[in-house]
Amino acid sequence: MSDHDKHLRQLIDRMTASGSLRSQPWKDAAAAVPRHEFLRNGFFRVVDGTSPTAWAPVREGGEGWLEACYTDESLVTQIAGTIKPTDIRGEILREPTSSSTLPSLVLRMLEDLEVQPGMQVLEIGTGTGYSTAVLCARLGDDHVTSIEYDEEVALRAREALSRLDTYPNLLIGDGLQGGDQGTLYDRIIATCAVRTVPTVWLEHTRPGGQILTTIGGWLHASELVRLTVHEDGTASGPALGGQVSFMLARPHQAPPLGMLPDLSAGREREAIIGADVLDEWTTRFVAQFAVPTVQRLKLQNGQHNEDVFVDTETASFAALRHEDGRWIVRQGGPDPLWDAVEEQLGRWHAAGTPAVEEATIRVTPAGQSIHW
Ligand SMILES: C[S@@+](CC[C@H](N)C(=O)[O-])C[C@H]1O[C@@H](n2cnc3c(N)ncnc32)[C@H](O)[C@@H]1O
């Protein structure tokens, strides 16, 4: 048995023991796909003790390369939208833009996708092509379409897939616009997160079909949701839990904050809910539905530290400070952002702060919402 076969078998055993790999058909599919084939251009590892995080390249055949390909970790394969590991020596401090998702999450999601043989699946975010290959191993190449935003990433995935004699329908473009025009898919699975589920995905899914995607946002909390598409063109379904997080789809990434609105203007009142509640993941996830285009920053204002929430689209803001044991909020611009957060969290508190797995997410052409 070759070294990589041994590593692959161990990885499958670990994913089975942890419960991410649950059924024989997906075990067989995972066993058919050597992950290192998708990492021949290398990956970036975190340089220990750096802040902001620095990344250093690990090339094919370099120390620890093969072992790392079979660890259950996400491996960053592109930084700053263009840079691959073979492009640099030394370290780089920019943001990752493409990666090979940790195998246990790939397999957990494929299990959660509830596919049956014969179904047509659209994957958003081909990345290295690893998850595409596992889908093909289970369903057959003719049943898999995968779309990647970044042309170079897509071409590298095509090369890796063809080395394994795997030829799905690979598209290059913005997966937020769906797949092939006129095709209805049984399943859509996204391996990048979205801020709002695009309604075109509902149009590209057969009624009764499902969309499995992570909903994320600019308050930095995300969850995996499984939506069933209904005859009336809406979709709904549960959040599946686990604080699943992916890089946001490129067109959904937060814009630079740029010039802030005048934060000294605005009306003050005592806040019912303090800004510190948003330090907690699920609270942020729930709040994000009320203020989906808001970003948070911390600023010093006189002797006070303020938590500032800004909507760059409308130039609305809410600035909160903790003073003499109470929270004071100052809001400016057309939308009272903190009123919206308090109303949303108030509904969640009134329902007894249920776990995210008890929530239903609804998507209609008018937008998305969370319910208990
Ligand atoms: C986490 S990686 C995908 C991992 C991949 N499934 C794998 O196993 O290697 C996310 C990918 O989504 C891509 N992406 C981001 N926005 C996209 C969009 N709007 N349409 C299609 N792909 C997108 C990124 O370029 C990136 O390659």
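Cut-off values and rules
Note that residues are indexed from 1 along each chain, following the sequence as it is written. Since the coordinates come from a predicted model, pLDDT governs what is reported: local features require at least 70, and pairs of side-chain atoms require 80 or more to be given and counted, while whole-chain, interface and lining totals use all residues. For the side-chain quantities, the full set of heavy atoms in the structure was used; hydrogens and water were omitted. Note on classification: 1.4 Å probe, protein chains only; a residue is buried when its accessible area is under 20% of the maximum for its type, exposed when over 50%, partly exposed between these limits. Think of it this way: any DSSP run of H or I at least four residues long counts as a helix, any run of E at least two long counts as a strand, and we number them from the N terminus. Relevant arc is that of directions from the helix axis to the C-beta atoms, nothing else. Here, two residues are considered to be in contact whenever any of their heavy atoms come within 4.5 Å of each other. The split of the chain into domains comes from an automatic or database domain assignment. Note on definitions: buried area is the accessible-area loss of two parts on being combined, 1.4 Å probe, summed for both. Each reported salt bridge corresponds to a side-chain nitrogen of Lys or Arg within 4 Å of a carboxyl oxygen of Asp or Glu. Definition of a polar contact: a pair of N or O atoms within 3.5 Å, with one able to donate and the other able to accept a hydrogen when the atoms are protein atoms, and with sequence-neighbouring residues admitted only if both atoms are side-chain atoms. Note on residue categories: nonpolar means Ala, Val, Leu, Ile, Met, Phe, Trp, Tyr, Cys or Pro, charged means Asp, Glu, Lys or Arg, and polar means any other residue, Gly included. Helix axes are fitted only over the stretch in contact, all axes being lines through C-alpha atoms; the angle between N-to-C directions runs from 0 to 180 degrees. Our angle categories are set so that under 35 degrees counts as roughly parallel, over 145 as roughly antiparallel, 65 to 115 as roughly perpendicular, and the remainder as oblique. The crossing is said to be left-handed when, going from far helix to near helix, the turn is anticlockwise and less than a right angle, and right-handed when the turn is clockwise.

S.K.: Sorry if this is basic, but what is going on with helix H2 (residues 24–31) here?
M.R.: Residues separated by three or four positions in an α-helix point in the same direction, a consequence of the helix having 3.6 residues per turn. For H2, every residue scored as buried is listed here: Trp-26, Ala-29 and Ala-30. Across the axial projection of H2, the buried residues extend over an arc of 95°, all falling on one side. Close packing links the buried residues of H2 with helix H1 (3–18), helix H4 (103–112) and helix H5 (130–139).

S.K.: Just checking my understanding: could you explain the domain arrangement of the chain for this structure?
M.R.: The extent of an interface is frequently quoted as the accessible surface area lost upon association of the parts. When its domains are assigned, the chain resolves into domain 1 (101–251) and domain 2 (267–350). Just the C-alpha atoms count here: the centres of domain 1 and domain 2 sit 33 Å apart. Every contact between the two is made by 12 residues of domain 1 and, on the other side, 13 residues of domain 2. Note on domain 1 versus domain 2: buried area summed over both sides is about 1,200 Å², and carbon and sulfur give 65% of it. Where domain 1 meets domain 2, there are 0 salt bridges. Where domain 1 packs against domain 2, one counts 8 residue pairs in polar contact (both at pLDDT 80 or more). A class-by-class count of the residues in the side of domain 1 that touches domain 2 yields 4 nonpolar, 6 polar and 2 charged.

S.K.: How do you make sense of the packing of helix H8 (residues 281–288) against helix H9 (residues 337–350) when you look at a structure like this?
M.R.: The packing of two helices is summarised by the inter-axis angle and the distance between the axes. The N-to-C vectors of H8 and H9 enclose an angle of 120°; their axes lie 9 Å apart at closest approach. Between H8 and H9, the angle falls in the class oblique. Here H8 and H9 pass one another in a crossing that is right-handed. Counted together, Thr-282, Thr-283, Val-286 and Ala-287 of H8 and Val-341, Gln-344, Leu-345 and Trp-348 of H9 form the full contact between these two elements. Classifying every residue of the contact of H8 with H9 gives 5 nonpolar, 3 polar and no charged.

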